[in-house]
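# Structural features, examined
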Amino acid sequence: MTRKDFDKSKRIFLKKCLALSSGMVCFPRSVFSGEILTPGQDIYKREAMFQEETPRGIMCRICPNECVLKEGEVSQCNNRKVHNSKLYTMAFGNPCSVNIDPVEKKPLYHFFPGSRAYSIATAGCNLVCLNCQNWTISQTSPDKTMNYDLMPEKVVTEASKNKCRSIAYTYSEPVTFYEYAFETATLARKAGIKNIIKSNGYINPEPLKKLCSVADAANIDLKSFNDSTYLKLTGGKLQPVLDSLKIYKDMGVWLEITNLIVPTWSDNIDEIGKMCKWLSDNGFRDTPLHFSRFYPVYKLEQLPPTPVDILKNAAKVAAGEGIKYIYIGNVPGNEAADTICPSCGTTVIARQGFRVTLNNISNGKCNKCGFEIKGVWN
Ligand code: SF4
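Below, the structure is looked at part by part. (Residues numbered from 1 in each chain as written. Predicted model: local features only at pLDDT ≥ 70, side-chain atom pairs only at ≥ 80, totals over all residues. Heavy atoms only, no water.)

### Here's the deal with the pattern of salt bridges
Let me state the cut-off plainly: Within this document, salt bridges are pairs made up of a side-chain nitrogen of Lys or Arg and a carboxyl oxygen of Asp or Glu, the two lying within 4 Å of each other. Secondary structure elements follow DSSP: runs of H or I no shorter than four residues count as helices, runs of E no shorter than two count as strands, and numbering proceeds from the N terminus. A simple rule labels every residue: compare its accessible area, found with a 1.4 Å probe on the protein chains alone, to the largest value its type can have, and call it buried under 20%, exposed over 50%, or partly exposed in between.
In the structure shown here, the tally under the stated rule is 16 salt bridges. A salt bridge links E179 to R80; the nearest nitrogen and oxygen atoms lie 2.8 Å apart. Residue E179 is located in helix α4 (residues 178–190), and its partner R80 is located in strand β5 (residues 80–83); the two are separated by 99 residues in the primary sequence. Of the residues examined, R80 reaches a relative accessible area of 1% and is grouped as buried. The salt bridge partner of K105 is D101, with a shortest N-O separation of 3.8 Å. Classification of K105 by relative accessible area gives partly exposed; the value is 32%. Through salt bridges with shared partners, a single network forms among E52, R61 and E66.

Here you go:
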């Protein structure tokens, strides 16, 4: 190690110590060992997109919350603030989490299986889910987390250097670091790197259409099919998410859907049936549907994990509605993580955890019967 490298490592180490000792929120895993930003440093780098002046203040038009803010006020998502009469995003070039994940972890099972996704997130979210797994970063703001200095150009360079097929905007909520995700995705496109949006789908149509112009794949959470549950469990509404699903599909972004089944909240089989029927009736039969197991976390620590039988029942109901690719996630060792050819029943992709152990798809078709398996394979 040269003297310069040693000094740099020392500086990074000291900043990490400083951040931890001051009670900053730190997301522990990271592949990026570059500069750490000083807390709160340089948060007014970018004016927010989709802002509108109104008599009551500046309105953010990114998501259905449509926050109206006066000077100095911070948005519901903790990411936007009015400064000198303009709305700024505080989440630009300052991710608090940077990792390389298998694409299966998003989860995306029909999009370049076995490839690596350079994954980034800033603090903040526009929903307040009681069961949030990443609440330490989603329910805070970028000026309270320990952040890396990682501007869009650098994200693309790092992704390429680490042989990542894609960049994933994930963990917290890319809707609320929209400008950062959009600018990075635009540069990634030019560099031949794909873009993945892992999101709650709680976004207004106009910004979503713009984001879709640079997105290649998305996994969207459909958290319940009941309006009142949606509101109580997440703080959001169901209809905007359904609208988003249609937009992603219509704009040609490869889409997969996750339904996390939370005991006593979203485990009603009739409601799951209604959700599957809606998906089937609205052209989502070829869209992979991931039923995911809940584990006790955050404000729902008192609940048990989702019984596996409920997940299996949900899968049966979905199959009955004609949905072709159904998965059960978060259950170690279960065979419902494999991709089965809907025509001949052959296992075309086998997985162990996030690892692909067998791939029987060539040119997008089942090797045994030639049936087209929908997805983006190569
Ligand atoms: S993205 Fe954030 S600031 Fe904009 S409307 Fe939604 S919650 Fe409010």
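### Some thoughts on the environment of I328
We count it as follows: Pairs of residues are marked as contacts when any of their non-hydrogen atoms sit within 4.5 Å.
Assignment of secondary structure puts I328 in strand β14 (residues 326–329). Sequence spacing of I328 and L130 is 198 residues, and the spatial spacing of their C-alpha atoms is 22 Å. Once residues lying within four places of it in the same chain are set aside, the contact partners of I328 are F291, L311, K312, A315, N334, A336 and A337.

### Considerations on the sheet that holds strand β2 (residues 51–54)
To keep it simple, the criterion reads: Think of it this way: DSSP has to see at least two bridges between two strands before they count as a pair.
Strand order in the open sheet formed by three strands is β2-β3-β4, with antiparallel pairing between adjacent strands. Each end of this open sheet is capped by a strand with a single partner; those strands are β2 and β4 (68–69). Here β2 runs beside strand β3 (residues 57–60); their pairing, made up of four bridges, is antiparallel. For E53, the partnering residue across the bridge sits in β3 and is I58.

### Quick look at unusual backbone geometry
Following K106, the chain continues into P107 via a peptide bond in cis, with omega recorded as -5°. Inspection of the secondary structure assignment puts P107 in the loop between β7 (97–102) and β8 (116–121). Notably, N78 is not glycine yet its phi reads approximately 70°, a positive angle. Structurally, the position occupied by N78 is in the loop between β4 and β5. Its identity is not glycine, yet F112 carries a phi of approximately 45°, on the positive side. Along the chain, F112 turns up in the loop between β7 and β8. For F112, a relative accessible area of 5% puts it in the buried group.

### Observations regarding the layout of surface pockets
Put simply, the rule reads: With a 1 Å grid laid over protein atoms only, a set of points is called a cavity when a 1.4 Å probe fits there but cannot get out and a pocket when it is open yet has protein on both sides within 12 Å along at least five of seven lines; lining residues have an atom within 4 Å of a point. Grid points are joined across faces, edges and corners, and a volume is the space filled by probe spheres set on the points. Three classes are used: nonpolar for Ala, Val, Leu, Ile, Met, Phe, Trp, Tyr, Cys and Pro, charged for Asp, Glu, Lys and Arg, and polar for all others, with Gly counted as polar.
The calculated volume of the largest pocket comes to roughly 1200 Å³. Looking at the lining of the largest pocket, the elements with two or more residues in it are β10 (194–199), β12 (254–261), β13 (289–293), β14 and β16 (347–352). Looking at the lining of the largest pocket, the element that brings in the most residues is β14, giving three residues. Residue classes in the lining of the largest pocket are distributed as 17 nonpolar, 18 polar and ten charged. What the second largest pocket holds in volume is close to 350 Å³. Taken together, 19 residues make up the lining of the second largest pocket; nearest its centre are A315, I326, Y327, A336 and I340. Counting only elements with at least two residues in the lining of the second largest pocket, the list comes to α9 (308–320) and β14. In terms of residue count, the dominant contributor to the lining of the second largest pocket is α9 (five residues). Here the lining of the second largest pocket is composed, by residue class, of 13 nonpolar, one polar and five charged.

### Comments concerning the site of the ligand
Quick note on the threshold: Any residue with at least one heavy atom within 4 Å of a molecule or strand is counted as near it.
Close contacts around the ligand come from C60, I62, C63, N65, E66, C67, S75, Q76, C77, R80 and N126, and that covers them all. Classifying every residue of the shell around the ligand gives five nonpolar, four polar and two charged.

### Describing the sheet that holds strand β15 (residues 339–340)
In a beta sheet, neighbouring strands pair by backbone hydrogen bonds and run either parallel or antiparallel. The three strands are arranged β15-β16-β17 in an open sheet whose pairing can be described as antiparallel. Edge positions in the sheet fall to β15 and β17 (355–359), since each of these pairs with one other strand and no more. With four bridges connecting them, β16 and β17 associate as antiparallel partners. Opposite R351, over in β17, you have V356 as the bridge partner.

### Examining the nonpolar core
For clarity, the cut-off: For this analysis, a nonpolar core means a set of buried residues of the types Ala, Val, Leu, Ile, Met, Phe, Trp, Tyr and Cys, connected via side-chain atoms within 4.5 Å.
By size, the foremost hydrophobic cluster in this structure holds 78 residues, and its most contacted members are Y118, I167, L222, L245, Y248, L279 and F291. Among the nonpolar cores identified, the runner-up in size contains eleven residues, and Y109, V348, I349 and W377 belong to it.

### Here's the deal with empty space enclosed by the protein
Taken as a whole, this structure holds two cavities of 30 Å³ or more when the rule is applied. Counted as a void, the largest cavity has a volume near 80 Å³. Lining the largest cavity we find C60, I62, C63, N65, E66, C67, S75, C77, R80, N126, V175 and T176. Here the second largest cavity defines a volume of roughly 40 Å³. What lines the second largest cavity is simply S224, F225, N259, S266, E271, I272 and M275. In terms of residue count, the dominant contributor to the lining of the second largest cavity is helix α8 (residues 269–281) (three residues).

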